[in-house]
Amino acid sequence: MCPHACVCVCRVSQGQAFCQSVFDHWQIVPGDPLDKSVVLRPLEPAPVGALAREFMVKTRRRKGMSDDVSINRFFDDPMLLMLAKQDAELGAIL
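Definitions and cut-offs
Residues numbered from 1 in each chain as written. Predicted model: local features only at pLDDT ≥ 70, side-chain atom pairs only at ≥ 80, totals over all residues. Heavy atoms only, no water. Helix = DSSP H or I, 4+ residues; strand = E, 2+ residues; numbered from the N terminus. Rg over C-alpha atoms; globule rule 2.2 N^0.38 Å. Contact = heavy atoms within 4.5 Å. Areas by Shrake-Rupley, 256 points an atom, 1.4 Å probe, with all protein chains shown as cover. Lys, Arg positive; Asp, Glu negative; His and termini not counted. Charge placed at Lys NZ, Arg CZ, Asp CG, Glu CD. Patch = residues over 30% accessible without salt bridge, like charges linked within 9 Å, V, L, I, M, F, W, Y side chains within 5 Å. Salt bridge = Lys/Arg side-chain N within 4 Å of Asp/Glu carboxyl O. Buried < 20%, exposed > 50% of the residue type's maximum accessible area, 1.4 Å probe, protein only. pLDDT = per-residue confidence, 0-100.

Quick look at the overall build of the protein chain now. The helix and strand inventory of the protein chain stands at 3 helices and 0 strands. Moving toward the C terminus, one meets the helices and strands of the protein chain in the order α-α-α. Against the 2.2 N^0.38 benchmark of 12 Å for 94 residues, the protein chain shows a C-alpha radius of gyration of 21 Å, more extended than a compact globule. Look at the contacts in the protein chain between residues 6 or more apart in sequence, and 6% of them connect residues 24 or more apart. Accessible area of the protein chain: about 8,400 Å², with a carbon and sulfur share of 62%. Averaging the locations of the 11 positively and 11 negatively charged side chains of the protein chain gives two centres separated by 10 Å.

In C-alpha cells, the structure reads:
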C-alpha cells in the first residue's frame with residue numbers, strides 16, 4: 001500500500017475522492033511520564049511500562065523543548081510547600 005494513501009486516492013480518482021479520519025477515543029498510556037529511570041534508546045520500541053515517558057520525551061523533542069520536566073520552575077517556594085502539605089494530607093486520608 002502506498003505510504004501516502006490519501007494522496008494516492010485523490011490522484012487516482014482525479015480529485016473526486018478524499019480520505020477522512022475521525023477521532024475514536026482517548027486511552028490512558030501506561031507508565032509514568034516523569035520517571036527519569038527509564039532509558040529510551042533511538043530506533044528501539046519502548047517497553048510497555050515506559051510508553052508515557054517515551055511519548056512525552058519525543059513530543060518535547062519534536063517541539064524543541066528540553067527532556068526535563070520540573071515543576072520547580074513553574075511554582076515559587078511557598079506554593080511548592082503548600083502542594084507538598086496537601087499531598088501529605090491526602091496521603092493520610094487514603
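Moving on to a nonpolar patch on the surface. Taken together, the side chains of Ile-71, Phe-74, Phe-75, Met-79, Met-82 and Leu-83 define a hydrophobic patch exposed on the protein surface, amounting to about 530 Å² of accessible area. Along the chain, Ile-71 turns up in the loop between α2 (51-62) and α3 (77-93). Accessibility expressed as a relative area gives 46% for Ile-71, which makes it partly exposed.

Another point: the side chain of Glu-54. Its place among the elements puts Glu-54 in helix α2. The exposure class assigned to Glu-54 is buried, which follows from its relative accessible area of 9%. Aside from chain neighbours lying at most four places away, what touches Glu-54 is Leu-40, Glu-44 and Ala-46.

Glancing now at the side chain of Arg-60. Within the fold, Arg-60 resides in helix α2. The charged side chain of Arg-60 is buried without a salt bridge, its nearest counter-charge being Asp-67 at 6.0 Å. Contacts of Arg-60, omitting those with residues within four sequence positions, involve Met-65, Ser-66, Asp-67, Asp-68, Val-69 and Arg-73.

For the coordinates displayed, the defined rule picks out 3 salt bridges. Across the pair Lys-36 and Asp-68 runs a salt bridge, and its minimum N-O distance is 2.8 Å. In this pair, Lys-36 is assigned in the loop between α1 (5-12) and α2 and Asp-68 in the loop between α2 and α3, connecting sequence segments 32 residues apart. A relative accessible area of 56% places Lys-36 in the exposed class. Taking relative accessible area as the criterion, Asp-68 reaches 38% and is therefore assigned partly exposed.

With respect to the helices and strands, the residue Leu-34 is situated in the loop between α1 and α2. Its relative accessible area of 47% is what places Leu-34 among the partly exposed residues. With near-sequence residues (within four places) excluded, Leu-34 lies in contact with Arg-53, Met-56 and Val-69.

Chain-level pLDDT for the protein chain is 84 on average; 96% of the residues reach the 70-or-more range. The least confident element of the protein chain is α1, whose mean pLDDT is 76; the most confident is α2, at 92.

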